[in-house]
Amino acid sequence: PIVLGFETSCDETGVGIVRGIELLADAVATSVDEHARFGGVVPEVASRAHLDAMVPTVHRALDQAGLKLSDIDAIAVTSGPGLAGALLVGVAAAKAYALALGKPIYGVNHLAAHVCVDQLEHGPLPQPAMALLVSGGHSSLLLVPDVATDVRPLGNTIDDAAGEAFDKVARVLGLGFPGGPHVDRAARDGDPAAIAFPRGLTGPRDAPYDFSFSGLKTAVARWIEARERAGEPVPVADVAASFQEAVVDVLTRKALRACKENGVDHLLIGGGVAANSRLRALATERAEAMGIRVRVPRPGLCTDNGAMVAALGAQLVASGVEPSALDLPADSSMPVTEIVAQGLS
Ligand code: ATP
Ligand code: MG
Ligand code: FE
């Protein structure tokens, strides 16, 4: 089926088109520059920007794919989780297109879409797969027997998400927003072993699949403060590299442990932080030594986009999952176990 997907859960207006697992178009407009001076996404600003960008982005996607609206077989839209007002714009737009075209609509889970998108690049998802989902709002280990019907959370962050930690550390280092790509770049010239930052929740009695990044974030801020108080310059590259190493060390160790303990030999990494160059390298290196295959989509498909939503929509169609009712809600706290939204009635 040809599926048109809408993504508006945060500050990216994404419209993607797929045919099965083939990527036909991926158009993204972002309001990131409008949020930068606030150091974080401002929900009202994001919603407004989605309204402005929505229809032009649909046209851009159709142009890329060389298709007309009448070629579309089904609509998919991020139902949640995300910013309520931002989600509403995408959900309302998707409903309008579905109604006008007389096509089914699937309200899909944004987190499952982050996992599903790798199909577009590396072919059908292995079943089962272990998924490490690391993004601006989430850090989870998911056992995924079938991304269309069965996603099981094994562990989550108990405080900050990995991407949130990158963004906050970038801020104390005086780097730009969002922080992940800036820290990634700064870290290239730094020594990852320069500073021994804490590895959260890695003690023998800690929950094996949960994460914690708030202690690390505080440790980095304290370390920088101490340098400044001593009147010494802050070695930005070394701090960035050492912080990044602490994050990706824990992420890869726990994800591979989950693979081993659950007898799963494929690890998928998804979400914005999966774009991190050191995470990609270390996961691949450590997995190889354990006979585990790692799959990570290219960076542009890791951060929010419409293609991932279309990809999950197409998977739902292929699996014979019932579409959502036309009164499907925007659900800002949609749980990852709910892959497709039900109607309200
Ligand atoms: P969620 O998916 O949990 O709803 P989100 O959609 O806002 O959150 P994503 O777009 O998936 O988040 O990811 C954005 C996050 O990814 C930001 O925190 C950003 O700093 C981080 N990020 C992007 N690129 C990199 C990178 N190269 N290294 C580390 N982090 C990165
Ligand atoms: Mg974003
Ligand atoms: Fe996301």
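Conventions adopted
Residues numbered from 1 in each chain as written. Chains lettered and ligands numbered in written order. Predicted model: local features only at pLDDT ≥ 70, side-chain atom pairs only at ≥ 80, totals over all residues. Helix = DSSP H or I, 4+ residues; strand = E, 2+ residues; numbered from the N terminus. Rg over C-alpha atoms; globule rule 2.2 N^0.38 Å. Contact = placed C-beta atoms within 7 Å. UniProt positions renumbered as here; feature names shortened; annotations may be inferred. Expected span 1.5 Å × (residues − 1). Buried ≥ 20, exposed ≤ 12 C-beta atoms within 10 Å, placed from the backbone. Arc of directions from axis to C-beta. Pairing = 2+ DSSP bridges. Axes fitted to C-alpha atoms, helices over the stretch in contact; angles between N-to-C directions. Core = buried A, V, L, I, M, F, W, Y, C linked by C-beta atoms within 7 Å. Near = placed C-beta within 6 Å. Nonpolar A, V, L, I, M, F, W, Y, C, P; charged D, E, K, R; others polar.

Take the overall build of the protein next. For the protein, the count of helices and strands is 12 helices and 10 strands. In summary, the protein has a C-alpha radius of gyration of 20 Å against a globular reference of 20 Å for 345 residues, a match within 12%. Once the C-alpha set of the protein is aligned to its principal axes, its extents read approximately 65 × 45 × 35 Å. Sequence separation of 24 or more characterises 74% of the internal contacts of the protein that already satisfy a separation of 6 or more.

As recorded in UniProt, the feature "domain: Gcp-like" (unreviewed entry) lies at residues 22-310. Secondary structure across residues 22-310 comprises 49% helix and 17% strand; the distance between its end C-alpha atoms is 10 Å.

With that settled, the discussion passes to helix H8 (residues 214-229). With 16 residues, H8 ought to run about 22 Å at 1.5 Å a step, and its terminal C-alpha atoms sit 22 Å apart, in line with that. Where H8 is concerned, the buried positions are Leu216, Lys217 and Val220. Along the axis of H8, the buried positions cluster into a sector of 105°, meaning they face one direction only. Along H8, exposed side chains directed more than 90 degrees from the buried face belong to Arg222, Glu225, Ala226 and Arg229. Buried residues belonging to H8 abut helix H6 (162-172) and helix H9 (236-261). A positive phi of about 70° marks Gly231, the residue just after H8.

What follows covers the sheet that holds strand S4 (residues 74-80). With mixed pairing, 5 strands are arranged side by side in an open sheet as S3-S2-S1-S4-S5. Edge positions in the open sheet fall to strand S3 (22-30) and strand S5 (105-109), since each of these has one partner strand only. Pairs of neighbouring strands in the sheet enclose a mean axial angle of 20°, with direction left out of account. In the sheet, strand S1 (residues 2-7) pairs with strand S2 (residues 12-19) via 6 bridges, with the strands oriented antiparallel. Bridged to Gly5 within S2 is Gly16. Set on the sheet, helix H2 (residues 43-65) makes contact with S2 and S3; between it and S2 the angle comes to about 25°.

Right, let's get into the environment of Gly155. With respect to the secondary-structure elements, Gly155 resides in strand S8 (residues 150-156). Taking the C-alpha atoms as reference, Gly155 lies 8.0 Å from Pro208; in sequence the two are 53 residues apart. Those residues within four positions of Gly155 in sequence are excluded, and the remaining contacts are Ser140, Leu141, Ala207, Tyr209, Asp210 and Phe211.

As a further point, take the nonpolar core. Across soluble globular proteins, you tend to see nonpolar side chains buried next to one another. Ranked by internal contacts, the top residues of the largest apolar core, which has 116 residues, are Ala112, Ala311 and Leu312. With 13 residues, H9 is the single largest residue contributor to this core.

Moving on to the site of ligand 1. What surrounds ligand 1 is a group of 24 residues, the closest being Gly136, Gly137, Gly163, Gly180 and Gly272. Going through the elements one at a time, helix H4 (110-116), H6 and helix H7 (179-187) are the ones with two or more residues in the shell around ligand 1. Sorting elements by how many residues they give to the shell around ligand 1 places H7 first, with 4 residues. Its residues assigned to classes, the shell around ligand 1 shows 6 nonpolar, 15 polar and 3 charged.

On to unusual backbone geometry, then. Cis geometry marks the peptide bond from Gly80 to Pro81, where omega comes out at -10°. Relative to the helices and strands, Pro81 resides in the loop between S4 and helix H3 (84-101). Cis geometry marks the peptide bond from Gln127 to Pro128; its omega dihedral reads 0°. Position of Pro128 among the secondary structure elements: in the loop between helix H5 (118-122) and strand S6 (129-134). In this structure, Leu201 takes a positive phi of about 55° despite not being glycine. Looking at the element boundaries, Leu201 is found in the loop between H7 and H8. Of the residues examined, Leu201 has 21 C-beta atoms within 10 Å and is grouped as buried.

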